[in-house]
Amino acid sequence: QVQLVESGGGLVQAGGSLRLSCAASGRTFSSYAMGWFRQAPGKEREFVAAISWSGGSTYYADSVKGRFTISRDNAKNTVYLQMNSLKPEDTAVYYCAAEKKLPIVWGNRWSWGYWGQGTQVTVSS
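Sequence order as written defines the numbering, with residues in each chain counted from 1. Restriction of local features to residues with pLDDT of at least 70 applies here, the model being predicted, together with a cutoff of 80 or more for giving and counting side-chain atom pairs; totals for whole chains, interfaces and linings are based on all residues. Side-chain numbers here rest on the full set of heavy atoms in the structure, without hydrogens or water.

Regarding the side chain of Asn-77
Now for step 1: Here a helix means four or more residues in a row that DSSP labels H or I, a strand means two or more in a row labelled E, and each is numbered from the N terminus. Among the structural elements, Asn-77 can be located in the loop between strand E7 (68-73) and strand E8 (78-83).
Now for step 2: Relative accessible area decides the class of each residue, using a 1.4 Å probe on protein chains only: under 20% of the type maximum gives buried, over 50% gives exposed, and in between gives partly exposed. Taking relative accessible area as the criterion, Asn-77 reaches 16% and is therefore assigned buried.
Now for step 3: Note on definitions: a residue-residue contact is assigned when non-hydrogen atoms from the two residues lie within 4.5 Å. Those residues in contact with Asn-77, other than ones at most four positions away along the chain, are Cys-22, Ala-23, Ala-24, Ser-25, Gly-26 and Phe-29.

Considerations on the packing of aromatic side chains
Now for step 1: The aromatic pairing rule takes the rings of Phe, Tyr and Trp, using the six-membered ring of Trp, and pairs them if the centres are within 6.5 Å, calling planes under 30 degrees apart stacked, those over 60 edge-to-face and the rest tilted. Counted according to the given criterion, the structure contains 7 aromatic pairs.
Now for step 2: Both rings, one in Tyr-32 and one in Tyr-114, keep their centres 5.9 Å apart while their planes meet at 85°; by these two values the pair is edge-to-face. Of this pair, Tyr-32 sits in the loop between strand E3 (18-24) and strand E4 (33-39) while Tyr-114 sits in strand E10 (residues 114-115); the two residues are 82 residues apart in sequence, bridging distant segments of the chain.
Now for step 3: Through a chain of ring-to-ring contacts, the aromatic side chains of Phe-37, Phe-47, Trp-53, Tyr-59, Trp-106, Trp-112 and Trp-115 assemble into a single cluster.
Now for step 4: Between Arg-45 and the ring centre of Trp-115, over which it is positioned, the NZ or CZ distance is 4.9 Å. Only when the NZ atom of a Lys or the CZ atom of an Arg is both within 6 Å of the ring centre and within 35 degrees of the ring normal do we say a charge sits over the ring.

Remarks on the sheet that holds strand E1 (residues 4-7)
Whenever strands of a sheet pair, they do so through backbone hydrogen bonds, lying parallel or antiparallel.
Now for step 1: Only strands that DSSP links by at least two bridges are regarded as paired with each other. Pairing within the open sheet is antiparallel, and its 4 strands lie in the order E1-E3-E8-E7. At either margin of the open sheet sits one strand with a lone partner, and together these are E1 and E7. Put simply, the sheet's adjacent strands are angled 15° from each other on average, direction ignored. All axes are obtained by fitting lines to C-alpha atoms, using only the stretch in contact for helices, and the reported angles, taken between N-to-C directions, cover 0 to 180 degrees.

Section: the state of the cysteines
Now for step 1: By definition, disulfides here are pairs of cysteine sulfur atoms that lie within 2.5 Å. All told, the structure shown has 1 disulfide when counted by the stated rule.
Now for step 2: In this model, Cys-22 is linked to Cys-96 through a disulfide, with the two sulfur atoms separated by 2.1 Å. As the torsion about the S-S bond is roughly -80°, the Cys-22-Cys-96 disulfide counts as left-handed. Here Cys-96 lies in strand E9 (residues 92-99) and Cys-22 lies in strand E3, a separation of 74 residues in the sequence. For the pair formed by Cys-22 and Cys-96, the shared burial category is buried.

Honestly, that's just the spatial picture; any functional story needs more than this.
Okay, structure coming up:
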């Protein structure tokens, strides 16, 4: 099992940047694929980005491609989401997710078995 704790959310103006972190417990972090999802009020939880076990492959939603970057540091048991050029429509609670069982459908929330508690990101116009 793995436990996930997100941090780094906050209030930022449109065009600004934030970096989210997700710290994972346990000694098998490198065996988990990691992902970020977000949920805005009244909307479904949606895929943002994912990264493979080694970090060699990354995947992004079209809405964030070119603006967000996912990365991981297996030595620190941490995955990051660097968010640049933020827009008001990026406002949401951002959740970290983990999974090690194959197959993983990266963009499908039901493929992911472990979730953090979420961190709020608010982008003002």
